[in-house]
Amino acid sequence: MSTTADAQPAGPAFTAPGTLTPVLTEHWGEDRSWTLEHYRSVGGYEGLARAKAMSPEELVGLVKGSNLRGRGGAGFPTGLKWSFLPPMDGKPRYLVVNADESEPGTCKDIPTILANPQALIEGVAITSRAIGGDLAFIYLRGEVAHVYRRLLAAVREATDAGLLSTGFGLDGAQPLRIVAHAGAGAYICGEETALLDSLEGRRGHPRLKPPFPAVAGLYGRPTVINNVETIASVPAILAKGPDWYNAMGTERSKGHGIFSLSGHVASPGQFEAPFGITMRRLIELAGGIRPGHSLKFWVPGGSSTPIFTPDELDVPLDYESVAGAGSMLGTRALQVFDDTVSVVRVVARWTEFYQHESCGKCTPCREGTYWMRQIMLRLEAGKGLPGDVEKLEDIAGNIAGRSFCALGDAAATPVLSGIKRFRGEFEAGYTTPARELFPYRASSILESAR
């Protein structure tokens, strides 16, 4: 059995990272990039081969040493999460991959599965070996039927090729079975315990913690739950070594990630870069704000993260710096809004989304999102009542930190940060419709819609 040190590639395995470091996205545009044949032609499954020569403890230690952090939003250290599983007791343990991507603005995991599913399959195999599992689940949104079919085909290809035939389970000698499960389409199932309930055939509701999934997760057994991008990042770390990964990023946010830039930029898209890149640089790479307009506000991690303005363009996009500036990096869903956009209109759409997706289990979220939606629609229509803005602050303040899961916080955040940054626009909703202050056609990115 080799040691973790033996698992390091011989000689230089990397070059100094540049502005962009395509790893998961490197071959997205190539012909039939989603096939096993293509993936193996560019070095795919070298990481799994190396992992099979290592013990589970060595694998966990290697991922810990890489400082890979979860890509689902919280940024929790991946190797540390794996190490939380209790000692093996002769009974099953599971890996569950969260592919239930649905927050407004978030669009990295579905494209990854569409263009490079074998990276995810290889990552699932390596992770399953590390935790001693021989059954893994990938929970995907059922609406993306074409992606689901591609994922099923990728699992079948890897299985038929014998890549998953041995090396897994409690004794490290079992075949690995990967189940691709299509969910029914509920944002709440992106919350890990609601996902587990849905996977078990129940309605997706968050569970009370503790016990945490690492102790009692799927079917009451120890379970690791990780995001698609997290698991898909593991093979390159095995193939190139932790030192390669640690050469990128910042002191505490190591490595690279996919930054999804959308909205009012000339060329929106996916930019895979080391952590620490700034929004100013990403906007430059995207061709700048669309001609004739200027940046008004943006969000660094999707609709659930506090709003930033041009004042924060030079904040390094890593977990610590973004938090220090008053927001969250989240899933790196960077939405850009120019000077034609009504903040009230944007927050109203987000509020409608969260109200619709609330599972209704807890009172603050169930009732609070309903009333926030009513008030936001009044303000958007220019029919706000005296005190509506203060009422919004009060309701959102009673949701944040008081709901059963993070969906309540996600709903309250854009309301509170929107009022903090653009209170005047909210108060204008007492008398003037948002469509008059900011004609909606002017915000369209399609010339034909203006």
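Residues numbered from 1 in each chain as written. Predicted model: local features only at pLDDT ≥ 70, side-chain atom pairs only at ≥ 80, totals over all residues. Heavy atoms only, no water.

Participant: Sorry, what's going on with the overall build of the chain here?
Facilitator: Within the chain, the secondary structure is distributed over 18 helices and eight strands. Once the C-alpha set of the chain is aligned to its principal axes, its extents read approximately 75 × 45 × 40 Å. Classification of the 450 residues of the chain by burial places 54% in the buried group. Within the chain, contacts between residues separated by at least 24 positions form 71% of all contacts whose residues are at least 6 apart in sequence. Approximately 18000 Å² of the chain is accessible, and the part contributed by carbon and sulfur atoms is 55%. Positive and negative charge centroids in the chain, built from 45 and 48 side chains respectively, lie 4 Å apart. (Helix = DSSP H or I, 4+ residues; strand = E, 2+ residues; numbered from the N terminus. Buried < 20%, exposed > 50% of the residue type's maximum accessible area, 1.4 Å probe, protein only. Contact = heavy atoms within 4.5 Å. Areas by Shrake-Rupley, 256 points an atom, 1.4 Å probe, with all protein chains shown as cover. Lys, Arg positive; Asp, Glu negative; His and termini not counted. Charge placed at Lys NZ, Arg CZ, Asp CG, Glu CD.)

Participant: Would you take a moment to explain the sheet that holds strand 4 (residues 223-227) for this structure?
Facilitator: The strands making up a sheet associate through hydrogen bonds between their backbones, and the pairing can be parallel or antiparallel. A sheet is described by the order of its strands in space; here four strands give the open sequence 3-2-1-4, paired in parallel fashion. The open sheet terminates on both sides in strands that have one partner only, identified here as strand 3 (177-183) and strand 4. Averaged over all adjacent pairs, the angle separating strand axes in this sheet is 20°, with direction ignored. Sheet analysis places strand 1 (residues 94-99) next to strand 4, joined by five bridges and oriented parallel. (Pairing = 2+ DSSP bridges. Axes fitted to C-alpha atoms, helices over the stretch in contact; angles between N-to-C directions.)

Participant: I tried to follow the pattern of salt bridges on my own but got confused; where do I start?
Facilitator: Between side chains of opposite charge, pairing is possible as soon as their charged atoms come close. Applying the stated criterion across every chain yields a total of 28 salt bridges. Of the charged contacts in the structure, one is a salt bridge between R332 and E229, with a shortest N-O distance of 3.0 Å. Placement of the pair is R332 in the loop between helix 12 (319-324) and strand 8 (333-338) and E229 in helix 9 (residues 228-240), with a sequence separation of 103 residues. Neither residue differs from the other here; R332 and E229 are each classed as buried. Between R423 and E427 there is a salt bridge whose closest N-O contact spans 3.2 Å. (Salt bridge = Lys/Arg side-chain N within 4 Å of Asp/Glu carboxyl O.)

Participant: Is there a simple way to think about the sheet that holds strand 5 (residues 256-263) in this case?
Facilitator: Ordered in space as 6-5-8-7, the four strands form an open sheet in which the pairing is mixed. One side of each edge strand has no neighbouring strand; the edge strands of this open sheet are strand 6 (269-274) and strand 7 (295-299). Averaged over all pairs of adjacent strands, the angle between strand axes in this sheet comes to 25°, irrespective of strand direction. In this structure, strand 7 lies alongside strand 8, joined through four bridges in antiparallel fashion. In the sheet register, V299 faces strand 8, and the bridge partner there is Q335.

Participant: Where do I start with empty space enclosed by the protein in this structure?
Facilitator: Gaps between atoms show up when a probe of the same size as a water molecule is rolled over them. Under the counting rule described, the total for this entry stands at two cavities of 30 Å³ or more. Looking at the largest cavity, its volume works out to about 70 Å³. The wall of the largest cavity is formed by 14 residues, among which S358, C359, C362, C365 and C405 lie closest to the centre. Contributing elements (two or more residues each) for the lining of the largest cavity: helix 14 (363-380) and helix 16 (406-428). (1 Å grid on protein atoms, 1.4 Å probe; cavity = no way out; pocket = protein on both sides within 12 Å on 5 of 7 lines; lining within 4 Å. Points joined across faces, edges and corners; volume = space filled by probe spheres on them.)

Participant: What is the right way to read the packing of helix 14 against helix 16 from this model?
Facilitator: Packed helix pairs are specified by the crossing angle of their axes together with the interaxial distance, meaning the distance between the axes. At a minimum axis separation of 11 Å, helix 14 and helix 16 run at an interaxial angle of 25°. In terms of orientation, helix 14 and helix 16 fall into the roughly parallel class. Pair helix 14 / helix 16 crosses with left-handed handedness. Of the residues in helix 16, those touching helix 14 at C365, T369, M372, M376 and L379 are L407, G408, A411, A412, V415 and F426. Considering only residue class, the contact of helix 14 with helix 16 consists of nine nonpolar, two polar and no charged. (Parallel < 35°, antiparallel > 145°, perpendicular 65-115°, else oblique. Left-handed = near helix turned anticlockwise from the far one by under 90°. Nonpolar A, V, L, I, M, F, W, Y, C, P; charged D, E, K, R; others polar.)

Participant: What is the right way to look at the nonpolar core in this model?
Facilitator: In summary, soluble globular proteins display a tendency toward joint burial of nonpolar side chains. Among the nonpolar cores identified, the biggest contains 58 residues, and W82, L120, I121, V124, I138 and L151 are the most heavily contacted of them. Looking at which element gives the most residues to this core, the answer is helix 6 (residues 117-131), with eight residues. Ignoring anything within four residues of it in the chain, the contact list for I138 reads V97, A99, L120, I121, V124, L151, I178, V179, A180 and H181. Of all hydrophobic cores here, the second largest spans 48 residues; its members include F137, Y139, L199 and I225. (Core = buried A, V, L, I, M, F, W, Y, C linked by side-chain atoms within 4.5 Å.)

Participant: What exactly am I supposed to notice about the layout of surface pockets here?
Facilitator: Its volume calculated, the largest pocket comes out at about 1400 Å³. Surrounding the largest pocket, 47 residues form its lining, G72, G73, A74, G190 and E191 being those nearest its centre. Looking at the lining of the largest pocket, the elements that each hand over two or more residues are strand 1, strand 4 and helix 16. Considered class by class, the residues forming the lining of the largest pocket number 17 nonpolar, 18 polar and twelve charged. In this structure, the second largest pocket encloses a volume near 370 Å³. Lining the second largest pocket are 23 residues, and of these V23, Y39, V42, G43 and A236 sit closest to its centre. Looking at the lining of the second largest pocket, the elements with two or more residues in it are helix 1 (36-41), helix 2 (46-51), helix 6 and helix 9. Per element, the largest residue contribution to the lining of the second largest pocket is five residues, and it comes from helix 9. Class assignment of the residues belonging to the lining of the second largest pocket gives a composition of twelve nonpolar, seven polar and four charged.

Participant: Teacher, can you tell me more about the environment of I131 here?
Facilitator: For I131, the position within the fold is in helix 6. C-alpha separation for the pair I131 and Y354, spaced 223 residues apart in sequence, amounts to 35 Å. The contacts of I131, once residues within four sequence positions are left out, are W82, L85, M88, R93, Y94, L95 and V224.

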